[in-house]
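Overview (structure and organization)
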Amino acid sequence: MAITVLSPYQVFFIDESEKLWAVLKDGRCRFVKSVPAFSCFSAAREYICGVEFDGEETTVLGTTFGFKDDGSAPMFRQWGYCYYPALLETKTPYVAVMKADLLNAAGTADMIVYKKTRKKYRPIYQLRAKVVPPVWSPKCKKLYYITAGGAFARVDEHGGELLAQNAALFCLNKDETEFAYYDNDHITIVSMETGNTQKVIAFDVTALSFNQNADTLFFASSKDGAHNIYAYDRSLKEVALLMRTGAKVNAMSY
């Protein structure tokens, strides 16, 4: 008989002070550890990757996604200012970063995808994108991101496709059968299998995440110094305040 280990945590989040927190199922919030700046959760949720600036160079750093505070280890260095490194944990790892360029329109960057070969990360392709954390699919190995024009898309070395015409933020469920995106004071949940949608009214959203079972969608909101996390119960179709936070929430994960 298979044994299922139930997690005591509802959701994890990173705030603008670069701190990782865990929200327990009883509503308590527990500080986990400090993480690097501009952090992203890796595809398999094994690592959190961020950056450190040294003059005009950026060091991409990685730390384990867990309660052990084992520090951050350098992965590679890149000239220029890079943000939100997203790691795909495979036999041959990939990392996508947003690199700032003064020639780009405000709020956009060059999204550069690196592949690790012979112990070194080498760039393999580059696209213009919004400065929004990208997300790797551990199953299909595609990279989800917001295009420079504001569309939600996914891409690999061979090409890409649009999933929504306009989006500001997004997230995937654990099974990669659904995605949710925020645009124009609404969160839209979309089934990749059927195309069916659910809409939730939400304002000033800064981060999104499904829970493990995808029966709840968490979202963070910040306005006028008030920072809150809400839970949308998909079966009841109800939104409830989960907790108030001391700082803006920049990233969330199951």
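A short tour of the structure in this document, coming up. (Residues numbered from 1 in each chain as written. Predicted model: local features only at pLDDT ≥ 70, side-chain atom pairs only at ≥ 80, totals over all residues. Heavy atoms only, no water.)

Structural notes on a negative patch on the surface
Together, Asp 183, Asp 185, Asp 204 and Asp 224 line one region of the surface with negative charge. Its location among the elements puts Asp 204 in the loop between strand E19 (197–201) and strand E20 (205–210). (Patch = residues over 30% accessible without salt bridge, like charges linked within 9 Å, V, L, I, M, F, W, Y side chains within 5 Å. Areas by Shrake-Rupley, 256 points an atom, 1.4 Å probe, with all protein chains shown as cover. Salt bridge = Lys/Arg side-chain N within 4 Å of Asp/Glu carboxyl O. Lys, Arg positive; Asp, Glu negative; His and termini not counted. Charge placed at Lys NZ, Arg CZ, Asp CG, Glu CD. Helix = DSSP H or I, 4+ residues; strand = E, 2+ residues; numbered from the N terminus.)

Concerning the nonpolar core
One finds Phe 152, Ile 187, Val 205, Leu 208 and Leu 217 to be the most contacted residues of the largest nonpolar core, which totals 26 residues. Among the elements of the structure, strand E13 (143–146), strand E16 (169–172), strand E17 (178–183), strand E18 (186–191), E20 and strand E21 (216–223) are those that each provide at least two residues to this core. Those residues in contact with Val 205, other than ones at most four positions away along the chain, are Leu 169, Tyr 182, Ile 187, Phe 219, Ala 220 and Ser 221. Among the nonpolar cores identified, the runner-up in size contains 19 residues, and Cys 40, Ala 86, Trp 136 and Tyr 145 belong to it. (Core = buried A, V, L, I, M, F, W, Y, C linked by side-chain atoms within 4.5 Å. Buried < 20%, exposed > 50% of the residue type's maximum accessible area, 1.4 Å probe, protein only. Contact = heavy atoms within 4.5 Å.)

With respect to the pattern of salt bridges
Enumeration over the complete set of coordinates arrives at eight salt bridges. For Lys 33, the salt bridge goes to Asp 70, with nearest N and O atoms at 3.8 Å. Within this pair, whereas Lys 33 is found in strand E3 (residues 29–34), its partner Asp 70 is found in the loop between strand E6 (57–64) and strand E7 (73–79), the two being separated by 37 residues in sequence. The exposure class of Lys 33 is buried, given its relative accessible area of 1%. Between Lys 142 and Asp 156 there is a salt bridge whose closest N-O contact spans 3.0 Å. With a gap of 14 residues between them, Lys 142 in the loop between strand E12 (135–136) and E13 and Asp 156 in strand E14 (residues 152–156) connect regions that are remote in the sequence. Where salt bridges share partners, they join Asp 54, Glu 57 and Arg 77 into one cluster.

Observations concerning the state of the cysteines
Put plainly, a disulfide is one covalent bond tying together the sulfur atoms of two cysteines. What the rule picks out here adds up to zero disulfides. Cys 40 forms no disulfide, and the closest cysteine sulfur to it belongs to Cys 49, at a distance of 8.0 Å. Distance from the sulfur of Cys 82, which forms no disulfide, to the nearest cysteine sulfur (Cys 40) is 12 Å. A relative accessible area of 1% means that Cys 82 is categorised as buried. (Disulfide = S-S within 2.5 Å.)

Description of the sheet that holds E12
Spatially, the four strands line up as an open sheet ordered E12-E13-E14-E15, and their pairing is antiparallel. Lying at the two open borders of the sheet, with one neighbouring strand each, are E12 and strand E15 (159–164). (Pairing = 2+ DSSP bridges.)

Some details on the pairing of strand E24 (residues 249–253)
With respect to burial, E24 is a largely interior element, four of its five residues being buried. In this structure, strand E1 (residues 9–15) lies alongside E24, joined through four bridges in antiparallel fashion. From the neighbouring strand, Phe 12 faces E24, where its bridge partner is Ser 253.

Focus on the sheet that holds E6
Within the open sheet, the four strands sit side by side as E4-E5-E6-E7. Their pairing is antiparallel. Sheet topology places strand E4 (37–41) and E7 at the edges, where each strand pairs with a single neighbour. Sheet twist, expressed as the average angle between the axes of neighbouring strands with direction ignored, equals 25°. By the bridge criterion, three bridges tie E4 to strand E5 (residues 47–54) in an arrangement that is antiparallel. Opposite Phe 41, over in E5, you have Ile 48 as the bridge partner. (Axes fitted to C-alpha atoms, helices over the stretch in contact; angles between N-to-C directions.)

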